[in-house]
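# Descriptive structure summary
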Number of protein chains: 2
Amino acid sequence: MEAEGGEKFFSLMTHLLSVTIFQNAVILNKNRSEDNNMITLSDVAKAAGVSRSAASKALHGGGGKTTKISEKKSLHIQKIAEQLGYRPNRMAQRLASRKQDIIGLIVDSQCCRLYSDILSCIEQLTREAGYRLQVGLMHDSIDAIKSYVDDFLGYDIQSVICMAHYYEFSEKVPPLFKPFKNPLFISQPATDEKFSFVSPDYHGTFRKAMDYLFSLNRRKIIYVKSNYRTPDAMARARAFRDAHLAHGIPFDEAQIYCGDIGECDTLELMTELLDDVLPMRPDALIIGNGNATLWAIRLLNSRGLRVPEDVSIIGMESWKGSQAMQPSISVMDNNPAEIAREAVRVIINNIPVESPPLHEIFVEGSLILGESCCHKV
Amino acid sequence: MEAEGGEKFFSLMTHLLSVTIFQNAVILNKNRSEDNNMITLSDVAKAAGVSRSAASKALHGGGGKTTKISEKKSLHIQKIAEQLGYRPNRMAQRLASRKQDIIGLIVDSQCCRLYSDILSCIEQLTREAGYRLQVGLMHDSIDAIKSYVDDFLGYDIQSVICMAHYYEFSEKVPPLFKPFKNPLFISQPATDEKFSFVSPDYHGTFRKAMDYLFSLNRRKIIYVKSNYRTPDAMARARAFRDAHLAHGIPFDEAQIYCGDIGECDTLELMTELLDDVLPMRPDALIIGNGNATLWAIRLLNSRGLRVPEDVSIIGMESWKGSQAMQPSISVMDNNPAEIAREAVRVIINNIPVESPPLHEIFVEGSLILGESCCHKV
DNA sequence: CTGAAAGCGCTTACAG
DNA sequence: CTGAAAGCGCTTACAG
């Protein structure tokens, strides 16, 4: 014990000496943490000839309210720490201090473009605000979500953004987040219980699309709905009906087409879709992602129908390529950047709050017009 | 102190009693971790009337080589733990045990499809293998990468997959990963130093595309190259030249077109591209992502050139929508699933190894043929 | 088979 | 302004 400590101290000293001479070269070597030989706060304190309290204060600024240290000593300690290549042990720090600087987030690794846009913005915003984002990736697996929840709690992460609750098992997800002090959902969760969320205004944006189509004199619109019973799909269906009622235009529930797997973005699904709905002689289609749009145009053409002359198309997801298509596609833009801003604002504001109040926020979206709805735009 | 401990013990007991009666209801309430009142291993041990060692053994199976415990007692402890809603504190566990069950990964939040496909597979595979994936998300920021490296080291994560080294600053990234015992890059890093990597065989797959185009009698091929000096771009340029030499077909270096921002996937960039290369009268284009393909077809058409009659197109990124386009697009498939498998295999095998050997693995890709190259496919 | 004790690397009251 | 000491929640030799 004694011997080992001495040895380590000796090697530290040798190291310090060499550092002053061949600083760069040695630091590179040192970084390759020799097992169990990593530099700790104690090592730094010893090398600097101060107490661990002092080192802690100098390096991480903590040290309680009373611990103080002179500017000069502080700089000295910092220099030593850098020379030694000291890296704080995060586990020890968090175990000792319980500070809340990590925001957890769970998201599907194959999420839709909207979600990955939101995620990208959230990442940026949390970093700028000085928080760390710990991302739990999974795909369509309730067990994976559970294990992330356990992990987050095990790391004492109390603020968690959930972007993964739109599945067959969607109603099982929200309850898992009850143990957290500060959970926040992106899009309204599908449960009776109340949870804070920031959501695209699916209803409002869809309504804009409907009004636009009606203004173009389209009268037989097909809405290709996801078959998950998610709030977004339900909000859109509601907007579909509301719009018809408001305009006094009759419709058939069959115009809300529920595909087998949400997005009709394969040849098979789109073929099936068209077989089912073309007998209704639709003059407009509201569909999901970019691929669905590609298939729709291709297959409509192959059946002698032109876009937009015979059928208008509006996509429910904005994507960079929509304007490159021929014809360019009208799409709904859910404003991911604003959603991310609101989400980060809410969750960060909540962190110090004992029991955060309920937040239910809808972010307004817009329509990006392309050539897929009418000739002249 | 004494009083507080007693109080906590009392509430635990009350709790245990109520649990037996109203189990479900109470567990739900308990989960909402009352600040600082979270259930610890000691609480469980106390409630079960055993030592912390025994509890640790029963709940996490560790407990060194010698610590043993009877089956009956073990089950009892587990039951108590579950009733109390015990969740192990991961920080304490890792601090005490130093076990290596987390794999770190750094990736761009706006990475290309290939990378997000690989990521999705890696996530699945690491989970199946019993490891946890800790994902560091960032976008085009060397500082963010640095801070993730610090974090990982701070969490004593020694196995890290880097998918974020294709930037302006690409040669600055690999050195950051030297401190890790077990780093692995996806795609070959752009540094003189050797690092283990698993990479798509960009050269081989590109060569397949070239050979195919030559077999269709295309003679003036434009390769739209990313302007980052990344190994993939260079490997492709090499394949471009090799193919010409092998076939005895003359070419001009200007046929390797270096766009301003890598992907020519906007109206402006593609317009500029066409202005620059059309005077060469190309009969084939090898371009990046899906959007670039969309723009290429649209803009070529607007200049009176048809795909594939006048110009063949091959995309360098396979995407679900490529077959939905009109014409459907020939694309290179880099085999993300296999890349992920290799990466996970290598990194997991390395975990117990003291100084892992160098791995340099190239995964073969293939061509997915569409209508964009020639009439009859 | 079991438990008391040391230790992981930090932070932070507390006493000087 | 400074340092010795207790503690965060675990794991694991070690001694019974």
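Here's a quick rundown of the structure. (Residues numbered from 1 in each chain as written. Chains lettered and ligands numbered in written order. Predicted model: local features only at pLDDT ≥ 70, side-chain atom pairs only at ≥ 80, totals over all residues. Heavy atoms only, no water.)

## Side note on the overall build of chain A
Formally: Under the scheme used here, helices are H or I runs from DSSP no shorter than 4 residues and strands are E runs no shorter than 2 residues, and both carry numbers assigned from the N terminus. For the exposure calls, accessible area comes from a 1.4 Å probe over protein chains only, and a residue counts as buried if that area is under 20% of its type's maximum, exposed if over 50%, partly exposed in between. All accessible areas in this document rest on Shrake-Rupley with a 1.4 Å probe, and a residue is counted as covered only by the protein chains that are shown.
If you tally the helices and strands in chain A, you get 14 helices and 12 strands. For chain A, with 377 residues in total, the buried portion stands at 53%. Per element, the accessible surface of chain A, about 16800 Å² overall, is 52% carbon and sulfur.

## Quick look at the interface of chain B and chain A
Rule in force here: Note on definitions: a residue-residue contact is assigned when non-hydrogen atoms from the two residues lie within 4.5 Å. What counts as buried area is the accessible surface, traced by a 1.4 Å probe, that two parts surrender upon association, with contributions from both included. We define a salt bridge as a side-chain nitrogen of Lys or Arg found within 4 Å of a carboxyl oxygen belonging to Asp or Glu.
Facing the 64 residues of chain B at the interface are 65 residues of chain A. Carbon and sulfur atoms make up 49% of the area that chain B and chain A hide from each other, which totals about 5600 Å². Put simply, chain B and chain A have 10 salt bridges between them. The shortest N-O distance in the salt bridge between Arg90(A) and Asp151(B) comes to 2.9 Å.

## Observations regarding the relation of the copies chain B and chain A
Both copies of the chain are placed relative to one another by a rotation about an axis and a shift along it. In plain terms, the rule: A least-squares superposition brings the copies together, and it is based on the C-alpha atoms of residues with pLDDT no lower than 70 in both.
Take chain B, turn it by 180 degrees, move it 0.0 Å along the axis, and it overlays chain A with an RMSD of 0.0 Å. In the structure described here, the two chain copies are related by an operation that fits a two-fold rotation axis. Relative to the rotation axis, the closest C-alpha in chain B is found at Met91(B), a distance of 2.5 Å. Take the interface residues of chain B: 100% of them recur as interface residues in chain A, which is what a same-surface contact looks like.

## Considering the packing of aromatic side chains
Note the following rule: Each Phe, Tyr or Trp ring, with Trp reduced to its six-membered ring, pairs with another whose centre is within 6.5 Å; inter-plane angles below 30 degrees give stacked pairs, above 60 give edge-to-face pairs, and intermediate values give tilted ones.
One pass over the structure, following the stated rule, counts 19 aromatic pairs over all chains. When the centroid spacing of 4.8 Å and the interplanar angle of 20 degrees are considered together, the rings of Tyr167(B) and Phe169(B) count as stacked. For Tyr167(B), a relative accessible area of 7% gives the class buried. Three or more aromatic residues joined by ring pairs form one cluster here, namely Phe177(A), Phe180(A), Phe185(A) and Phe195(A).

## A few points about the packing of helix 7 (residues 113-128) of chain B against helix 14 (residues 336-350) of chain B
Packed helix pairs are specified by the crossing angle of their axes together with the interaxial distance, meaning the distance between the axes. Residue and element names in this part refer to chain B. To be explicit about the condition: The axes are straight lines fitted to the C-alpha atoms, using for helices just the contacting stretch, and the angles between their N-to-C directions are given from 0 to 180°. For classification, angles of less than 35 degrees are called roughly parallel, those exceeding 145 degrees roughly antiparallel, those between 65 and 115 degrees roughly perpendicular, and all remaining angles oblique. Left-handed describes a crossing whose near helix is turned anticlockwise from the far helix by less than a right angle; the clockwise case is right-handed.
Taken N-terminus to C-terminus, the directions of helix 7 and helix 14 make an angle of 45 degrees; their axes are 8 Å apart at the nearest point. Accordingly, the angle class assigned to the pair helix 7 and helix 14 is oblique. Remark: the crossing between helix 7 and helix 14 carries right-handed chirality. Of the residues in helix 14, those in contact with Leu-114, Asp-117, Ile-118, Cys-121, Ile-122, Leu-125 and Thr-126 of helix 7 are Pro-336, Ala-337, Ile-339, Ala-340, Arg-341 and Val-344.

## Let's talk about the pairing of strand 8 (residues 284-287) of chain A
Residues in a regular strand point their side chains to alternate faces of the sheet. All names here are of chain A. To be explicit about the condition: Pairing between strands is defined by DSSP: at least two bridges between the two strands are required.
Alternating positions in strand 8 separate into two faces, Ala-284 and Ile-286 on one and Leu-285 and Ile-287 on the other, with burial throughout. Bridge count between strand 6 (residues 221-225) and strand 8: 3 bridges; the pairing is parallel. Counted as the bridge partner of Ile-222 is Leu-285 from strand 8. Sheet analysis places strand 8 next to strand 9 (residues 312-315), joined by 4 bridges and oriented parallel. Paired with Leu-285 across the strands is Ile-313, a residue of strand 9.

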